[in-house]
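Fold and geometry: a report
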Amino acid sequence: MDTRIRVAVVDDHPLFREGVTRSLSEIDGFEIIAEGSSGADAVRIAENLQPDVLLMDISMPDGGLDAIPAILDVAPAQRIVMLTVSETSEDVTTALARGAVGYVLKGVGALTLAEAIRTVAAGDGYVAPTLSARLISARSEMPSKSALIASLTPREMEVLELVAVGMSNKHVAIELDLQEKTVKHHMTQILTKLGVTNRTEAAMALRDARQT
């Protein structure tokens, strides 16, 4: 039985992409099944090939961060790892809030990258150690839940309130007379603004804000 981890690499710099592909191919346990250079490529690869792990840059055509929700729409189980030079807490938080499960800086060596991919493929999350402490510090300085909830638009509040009582995106769309893709967009914005990773955490944030 083939136990190799199937990886796709999406980056708009050919030399970097080729370097990652070559490095991983030389390490036992990895198979590069696809390459791409844009967010649209990443969506297509995830939908058609379903790699175990999708490595994706942030700065590329169509935008890596914007591609995350689109990828998860067509391949909800896709494991996405951002491989980028960006060290900003905002990019890390946004990537994780939108559904990425890993965040690796481009300066790492091949063995470190391989270990991060193995970690993610096994079902865990991975954030570059140099960023973890910064994230913890940033979270400790985050506004209160009440302030975060107050940052939502009236429409986002309507969506969140319905999600909080257990409605699916489809039923929220029916209730508010919206298209389901519009509800998904609102949910992406809600998760990002609240700094949470899923609808359950968003519902808990609403509950907590109302209890304070």
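Numbering of residues begins from 1 in every chain and follows the order in which that chain's sequence is written. Given that the model is predicted, a residue must reach a pLDDT of at least 70 before its local features are reported, and side-chain atom pairs must reach 80 or more before they are shown or counted; all residues, however, enter totals for whole chains, interfaces and linings. Computation of side-chain values covers all heavy atoms of the structure but excludes hydrogens and water.

Labelled according to an unreviewed UniProt entry, the chain appears under the name Response regulator, originating from Ciceribacter thiooxidans.

In terms of regular secondary structure, the chain is built from 11 helices and six strands. Radius of gyration (C-alpha) of the chain: 18 Å, near the 17 Å computed for a compact globule of 212 residues. Each principal axis of the C-alpha distribution contributes one length, and for the chain these read about 55 × 35 × 35 Å. Three exposure classes are used, based on accessible area relative to the maximum for each residue type with a 1.4 Å probe and protein chains only: buried under 20%, partly exposed in between, and exposed over 50%. Across the 212 residues in the chain, those meeting the buried criterion constitute 45%. In what follows, a contact means two residues having at least one pair of non-hydrogen atoms within 4.5 Å. The long-range share in the chain, meaning contacts at least 24 apart out of those at least 6 apart in sequence, stands at 63%. About 10800 Å² of surface is accessible on the chain, with carbon and sulfur atoms providing 52% of the total. Only four residue types enter the tally: Lys and Arg on the positive side, Asp and Glu on the negative side; His and the chain ends are excluded. Here the site of a charge means NZ on Lys, CZ on Arg, CG on Asp, or CD on Glu. Computing the positive centroid from 20 side-chain charges and the negative centroid from 29, the chain places the two 4 Å apart. Starting at the N terminus, helices and strands are each numbered in turn, a helix being any DSSP run of H or I of at least four residues and a strand any DSSP run of E of at least two. Each radius of gyration reported is based on C-alpha atoms, and the globular scaling rule is 2.2 Å times the count of residues to the power 0.38. Working definition of accessibility: Shrake-Rupley area with a 1.4 Å probe, residue cover restricted to the visible protein chains.

It is worth spelling out the packing of helix α9 (residues 169-176) against helix α10 (residues 180-194) at this point. Angles here are taken between N-to-C directions and fall from 0 to 180 degrees, while the axes themselves are lines fitted to C-alpha atoms, restricted in helices to the stretch in contact. Where α9 meets α10, the axes come as close as 8 Å, and the angle between the chain directions of the two elements is 110°. By the angle between their axes, α9 is roughly perpendicular relative to α10. Residues N169, K170, V172 and A173 of α9 form the contact with α10, whose own contacting residues are E180, V183, K184 and M187. Its residues assigned to classes, the contact of α9 with α10 comprises four nonpolar, one polar and three charged. These descriptions rest on fixed angle ranges, namely under 35 degrees for roughly parallel, over 145 for roughly antiparallel, 65 to 115 for roughly perpendicular, and the rest for oblique. Note that Gly is not counted as nonpolar here; it falls among the polar residues with everything else outside the nonpolar set of Ala, Val, Leu, Ile, Met, Phe, Trp, Tyr, Cys and Pro and the charged set of Asp, Glu, Lys and Arg.

This paragraph deals with the side chain of H186. In this structure, H186 sits in helix α10. Those residues within four positions of H186 in sequence are excluded, and the remaining contacts are R155, E156, V159 and L178.

UniProt positions are given in the numbering used here, feature names are shortened, and annotations may be inferred rather than shown by experiment. Residues annotated by UniProt as "domain: HTH luxR-type" (unreviewed entry) correspond here to residues 145-210. The span residues 145-210 carries 79% helix and 0% strand; its end-to-end C-alpha distance comes to 9 Å.

This part takes up helix α4 (residues 89-98). In terms of burial, α4 is largely enclosed, as seven of its 10 residues are buried. Residues D91, V92, T94, A95, L96, A97 and R98 constitute the buried set of α4.

Turning our attention to the packing of aromatic side chains. Classification of ring pairs uses Phe, Tyr and Trp, with its six-membered ring standing for Trp, and accepts pairs whose centres are within 6.5 Å; under 30 degrees between planes counts as stacked, over 60 as edge-to-face, and the remaining range as tilted. Under the criterion given, the structure shown has zero aromatic pairs. We count a charge as sitting over a ring when the NZ of a lysine or the CZ of an arginine lies within 6 Å of the ring centre and within 35 degrees of the ring normal. Seen from the ring of F16, K106 lies directly overhead, with NZ or CZ sitting 4.3 Å from the centre.

It is worth spelling out the nonpolar core at this point. Residues grouped as a nonpolar core are buried Ala, Val, Leu, Ile, Met, Phe, Trp, Tyr and Cys residues, joined through side-chain atoms within 4.5 Å. Membership of the largest hydrophobic core comes to 27 residues, with the highest contact counts inside it found for M56, I68, I71, I80, M82 and Y103. Mapped onto this core, the elements with two or more residues apiece are β1 (5-10), α2 (39-49), β3 (53-56), α3 (64-74), β4 (80-84), α4 and β5 (102-105). Among the elements that make up this core, the one with the highest residue count is α3 (five residues). With sequence-adjacent residues up to four places away left out, I80 is seen in contact with L54, M56, I68, I71, L72, A100, V101 and G102.

A positive phi is found at Q50, a non-glycine position, where the angle reads about 45°. Mapped onto the fold, Q50 is located in the loop between α2 and β3. Residue Q50 is classed as exposed on the basis of its relative accessible area of 54%. Positive phi, normally seen in glycine, also occurs at D177, with a value near 55°. Mapped onto the elements of the fold, D177 is located in the loop between α9 and α10.

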